[in-house]
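A closer look at the structure
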Amino acid sequence: MTDTSTSAGTLSLAFTGQGAGAGPLTWAQSVMWGPMQWFGKEASQFNIGRALVLPEPVAPQRLTAVLRHLVETHQTLRTRYVQRADGPRQEVAATGTYDVVVVDDQGDPARVGEELVATLTEAAFDHEAQWPLRVGCARDRAGRISAVALVGSHLAFDGWAFTTLTDVLLDRLTGAEPASDAPPSGQTAPPAARPAGGVPQPLAQAAFQRSAAGQQTSRLGLRHWEQGLSVAPASMFDLPAAPTGDQPVERHLLDSTAVTAAATALATRTRTSFSTVLLGLTTLILTAYNGHRTAVFKLIAGNRLDRDSRDLIALNTLDALLVHRVDDDVDLLTAIRNLHRPAFDAYRRAQCDPAGVRGVVERVGRRRGVAFDLSAYFNNGHRGSDWATPDPDPGPDRLAVLRRDSRYSRLEPLSKSDMRFYVAASNLGDGRCRLGLLVDTAYLPGSLGETVIRGIETLLCDAVTEEVRVAEIAGRIGLTPARRGADWVSTPTGWVRPQAVADLVGEVAGGAPAAALVDPAGDGGVTVYVAASEGSPQELHRRVLDALPGRTGVAAPAGYVICRSAPPVGAGPDAWRDVPVFARGSGRDA
């Protein structure tokens, strides 16, 4: 095969690989497919990029040989993701062409490489027409390649897979021998099977997930989801919403060696992990703000626990469900220890069919009378558990020095997100942890985003040198808890505003007058009285459930009382108890 320059700024390489075929999406691809469609052009925010500066420039032929070998070896690099009549599918091509953007390095390959990554990242991928990897390179005055820019779609890569790909590419470019230009061997088996001696492939992964063994794994995961959702609050954001502008989603960054040193020390003391420590602080800060005793989070789970999954260059992340009861009468280290096992169980049971998860969320929600809003996320994006730090047990003076080097910044806000709260941690090297925070300012308004991300660092450092009580968290970081009026009540499904519940019942009853009464001696459950000339509690309940999605601070009432008429205007809510009743009941099916 030969490579041809199709224009002054493009290098074109053809590939011929084996193992072509088509099949359903993997579970991980299915999780990402929906957000990709929902975001549309704004899905570019999910693109993953990296610039590789070569220690010594190489000939263009060496770059194309390495790229061709990778494309022919790994199905992901020659896959298109398409919508078919029977649902979305992955289609792997045997032949095709990659176009590599070529620019001059201007004597500064590092800067030009980063600029090229930024350019290649700007647009969302058209997965039906484009490969899920964009490649660019910078060349020096002698025409040699001095830097390579790679940008991947998050539908095809997670952080682990993309890092593996870029590391392999860099190793092959800088190694003593270039990669073979011949097609990879051992890939002649059918796509539903992993080739003997080959590499793991997403088509084979999808086939396993549909097998009896894969379905058994899924059933165990779905059981975990059902058990957790049976006691979880409907939302972490059952709060009065604040007005926002056109870009309501803020993004904050904190690069900190103090976070690495303090979290590492606390992980050692609690015999947990770096991830558990950060997750613990994240859940405690959010519950301190929203007034919850139980936290519900989605955890981004890679679960690359065996060689096949570690070597798989493809998206492999799934949503794990964490439901955890917060005890505010303990110290921070005890709270972290208490979280470790629930977090472990959540990650362990993340492997399950997303369609089954959606079914469980819908079924349990309707059983409990809620529409779940699972939009609080945590992601430990570091590969492995080794957060290298030169300060494994820092004292207060050393932490103060490290904190002076922390760097806080903000990215451009977004117009929308399917997350309302998201904390991510990544390892920048040299002992630096990058904390990322995304917040929907409708629910965390003002300067709360900066308060939260800086507060994580503050609490970590404080807990290394003194006892920190969970009840002190808000005060220590300057966090003002959300204020709900006296017209809000705590129920088994979370916080609700009874009048909003009554308004919803009246709305679905055709605009009928309605009132909500709360039993002060009960568990906070709301009973709604409504003046309706027809219908049944079951019919009203079905209509309420259908109308719940997208509403905050609202859940189906515990009971419905259908009255023949409304009490006189101005009589007060309690007067509904004396109105003749047409029918009453919970509305739930027997």
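No experiment lies behind these values; they were computed from the predicted model shown.

This next bit is on the overall build of the protein. In terms of helices and strands, the protein carries 16 helices and 22 strands. For the protein, the C-alpha radius of gyration of 27 Å lies close to 25 Å, the compact-globule estimate for 590 residues. Projected onto its principal axes, the C-alpha coordinates of the protein cover approximately 90 × 65 × 45 Å. Put simply, the protein has 590 residues, and 53% of those count as buried. In the protein, of all internal contacts separated by at least 6 residues, the share reaching a separation of at least 24 is 76%.

What follows concerns the packing of helix α7 (residues 257-270) against helix α12 (residues 396-404). At a minimum axis separation of 7 Å, α7 and α12 run at an interaxial angle of 145°. Residues T257, A258, A261 and A262 of α7 pack against L399, L402 and R403 of α12. Split by residue class, the contact of α7 with α12 holds five nonpolar, one polar and one charged.

Quick look at the nonpolar core now. Side chains of a nonpolar character, in soluble globular proteins, are inclined to be buried together. Among the nonpolar cores identified, the biggest contains 107 residues, and L278, F297, F421 and L460 are the most heavily contacted of them. Ignoring anything within four residues of it in the chain, the contact list for L460 reads V259, A262, A263, L266, V277, L278 and L281. Ranked by size, the runner-up nonpolar core spans 45 residues in total, among them A28, I48, L77 and L169.

Looking now at the environment of Y347. Assignment of secondary structure puts Y347 in helix α10 (residues 332-348). Residue Y347 is classed as buried on the basis of its relative accessible area, which comes to 18%. Separated by 220 residues in the primary sequence, Y347 and P567 place their C-alpha atoms 53 Å from one another. Among all residues touching Y347, those that are not within four sequence positions of it are S275, L299, I300, A301, N303, A320 and F378.

Our next topic: the sheet that holds strand β13 (residues 376-380). Strands in a sheet are paired, the pairing made by backbone hydrogen bonds, and the direction either parallel or antiparallel. Read from one edge to the other, the open sheet built from seven strands follows the order β12-β11-β13-β15-β16-β10-β14, with strand pairing classed as mixed. A single partner strand is all that each edge strand has here, and the edge strands are β12 (318-325) and β14 (407-414). On average, each strand axis in the sheet is inclined to that of its neighbour by 20°, with strand direction left out of account. In this sheet, β13 lies alongside strand β11 (residues 294-301) in parallel orientation, the contact comprising two bridges. Each residue of the ladder has a partner; that of L299, found in β13, is F378.

Despite not being glycine, N303 shows a phi value in the positive range, around 50°. As for its position among the elements, N303 is in the loop between β11 and α9 (307-311). In this structure, D430 takes a positive phi of about 55° despite not being glycine. Relative to the assigned elements, D430 resides in the loop between β15 (421-429) and β16 (432-440). Exposure remark for D430: the relative accessible area of 72% places this residue in the exposed category.

Before going further, it helps to spend a moment on the pattern of salt bridges. Within the structure shown, the criterion is met by 33 salt bridges. Across the pair K298 and D319 runs a salt bridge, and its minimum N-O distance is 3.6 Å. With K298 in strand β11 and D319 in strand β12, this residue pair connects regions lying 21 residues apart in the sequence. For K298, a relative accessible area of 15% gives the class buried. For R403, the salt bridge identified is with E457, shortest N-O distance 3.4 Å. Of this pair, R403 sits in helix α12 while E457 sits in helix α13 (residues 448-465), and the two are 54 residues apart along the sequence. In this structure, a network of salt bridges that share partners links the residues D462, E466, E472 and R476.

The mixed open sheet is built from four strands, whose spatial order is β19-β20-β21-β22. Two strands in the sheet have a free side with no partner beyond their single neighbour: β19 (514-518) and β22 (581-585). When the angles between neighbouring strand axes are averaged without regard to direction, this sheet yields 15°. Sheet topology places strand β21 (residues 559-563) next to β22; four bridges connect them, and they run antiparallel. Note that in β22 the partner of I562 across the bridge is A583.

What follows deals with the environment of P390. Secondary-structure assignment places P390 in the loop between β13 and α12. Here P390 falls in the exposed class, since its relative accessible area comes to 65%. Separated by 183 residues in sequence, P390 and P573 have C-alpha atoms that sit 65 Å apart.

Here α13 is 18 residues long and its end C-alpha atoms lie 25 Å apart, about the 26 Å a rise of 1.5 Å per residue gives. The principal kink in α13, of about 25°, is found at G455. Summarising burial for α13: 15 of the 18 residues are buried, a large majority.

Turning our eyes to something else, we now look at the confidence of the model for the protein. Averaged over the protein, the pLDDT score is 91; the fraction of residues at 70 or greater is 93%. Per-element averaging of pLDDT across the protein places strand β1 (residues 4-7) at the bottom with 41 and strand β9 (residues 145-152) at the top with 98. pLDDT under 50 marks residues 178-197. Its contacts with residues more than four places away, or in other chains, come to 39 contacts.

Conventions used here
Residues numbered from 1 in each chain as written. Predicted model: local features only at pLDDT ≥ 70, side-chain atom pairs only at ≥ 80, totals over all residues. Heavy atoms only, no water. Helix = DSSP H or I, 4+ residues; strand = E, 2+ residues; numbered from the N terminus. Rg over C-alpha atoms; globule rule 2.2 N^0.38 Å. Buried < 20%, exposed > 50% of the residue type's maximum accessible area, 1.4 Å probe, protein only. Contact = heavy atoms within 4.5 Å. Axes fitted to C-alpha atoms, helices over the stretch in contact; angles between N-to-C directions. Nonpolar A, V, L, I, M, F, W, Y, C, P; charged D, E, K, R; others polar. Core = buried A, V, L, I, M, F, W, Y, C linked by side-chain atoms within 4.5 Å. Pairing = 2+ DSSP bridges. Salt bridge = Lys/Arg side-chain N within 4 Å of Asp/Glu carboxyl O. Expected span 1.5 Å × (residues − 1). Bend = angle between axes of the 7 residues up to and from the residue. pLDDT = per-residue confidence, 0-100.

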